[in-house]
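Next come the chains, spelled out residue by residue.
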Amino acid sequence: MTDQDLSQWSARDWPPNTVLAGRYVRLEPLDADRHGAELFAASNVTDKEEKFRWLFEGPPSDEASFIEWTRREAARRDCLPYAVIDLESGQVAGRQSLMRIDVNNGGIEIGAIYWGPRIARRQGATEAVYLFMKHVFEDLGYRRFEWKCHNDNTPSKRAAERFGFTYEGLFRQHMVIKGKSRDTAWYSIIDKEWPELKAGFEAWLDLANFDDQGGQRRGLSAYLDRT
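Note that the coordinates shown come from a computational prediction; the quantities given were computed from them, not determined experimentally.

### Notes on the sheet that holds strand 8 (residues 180-190)
In space, the eight strands of this open sheet follow the order 1-2-3-4-5-6-8-7, with mixed pairing throughout. Strands at the two margins of the open sheet, each flanked by one partner only, are strand 1 (20-21) and strand 7 (166-177). Relative to strand 4 (residues 91-102), strand 3 (residues 80-86) runs antiparallel, the two being bridged by seven bridges. Across the sheet, residue A83 finds its bridge partner in strand 4, namely R95.

### What about the pattern of salt bridges?
Within this structure, the stated rule accounts for 15 salt bridges. Residue R34 pairs with E28 through a salt bridge whose shortest N-O separation is 2.9 Å. Classification of R34 as exposed rests on a relative accessible area of 55%. Judged by its relative accessible area of 6%, E28 falls in the buried class. The shortest N-O distance in the salt bridge between R144 and E146 comes to 2.6 Å. On the accessibility criterion, R144 (21% relative accessible area) is partly exposed. Judged by its relative accessible area of 3%, E146 falls in the buried class. Residues joined in a network through salt bridges with shared partners are R100, E109, R144, E146, K148 and E168.

### A look at the pairing of strand 2 (residues 25-29)
A regular strand carries its side chains on alternate faces of the sheet. Where strand 1 meets strand 2, two bridges bridge the pair, whose relative direction is antiparallel. In the strand pairing of strand 2, A21 is matched with R26. The loop that links strand 1 with its antiparallel partner strand 2 comprises three residues. Examined bridge by bridge, strand 2 and strand 3 share five bridges and lie antiparallel to one another. Paired with V25 across the two strands is D86, which belongs to strand 3.

Conventions we followed
- Residues numbered from 1 in each chain as written.
- Predicted model: local features only at pLDDT ≥ 70, side-chain atom pairs only at ≥ 80, totals over all residues.
- Heavy atoms only, no water.
- Pairing = 2+ DSSP bridges.
- Helix = DSSP H or I, 4+ residues; strand = E, 2+ residues; numbered from the N terminus.
- Salt bridge = Lys/Arg side-chain N within 4 Å of Asp/Glu carboxyl O.
- Buried < 20%, exposed > 50% of the residue type's maximum accessible area, 1.4 Å probe, protein only.

Written out as structure tokens, the structure reads:
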């Protein structure tokens, strides 16, 4: 790839605030007035201490302060936070962001992920990642899609591998988060890998891959195996 001809490459556009719709979820640019209360309900769960363990912020304590935090997040100019709407219930079920946006080199990261009980480990969470990937590679024309996490966050590392990301290495003492040092594991998908991954995601998400109780007939790894 080092000899790839990029003489015609030009900087990409900054991602627009646009709705991304799927079969199971819809991604909407985060808005405190529209999404704050429902996102608080989805986040204020019994195991919230564990769910927020690896996020930059702590678990929510009360609705008013959480909505103010949501308002600040929605106003950020360095990333694009989205609310994840569960289409079956019509409720906000989580959130995720497009981060570390590099328009000059065509790189972008999915991060700040929180998926509540309505979508966690279900079709909606996988589709939420797929919708970001499709948007990044097809609509925006970016070259690189990244996933990063604390190196001790085993569930996140497993998720990255499940979603088809390639492990690239460890950034030691990369950050100080919540008073502790963070070693960061880096993963990526690049544009040439997207067509094959897209086909795998769409095959897994197809209604035919699930029984009447919503159980998968084949796992995502069976469709994304690139070996």
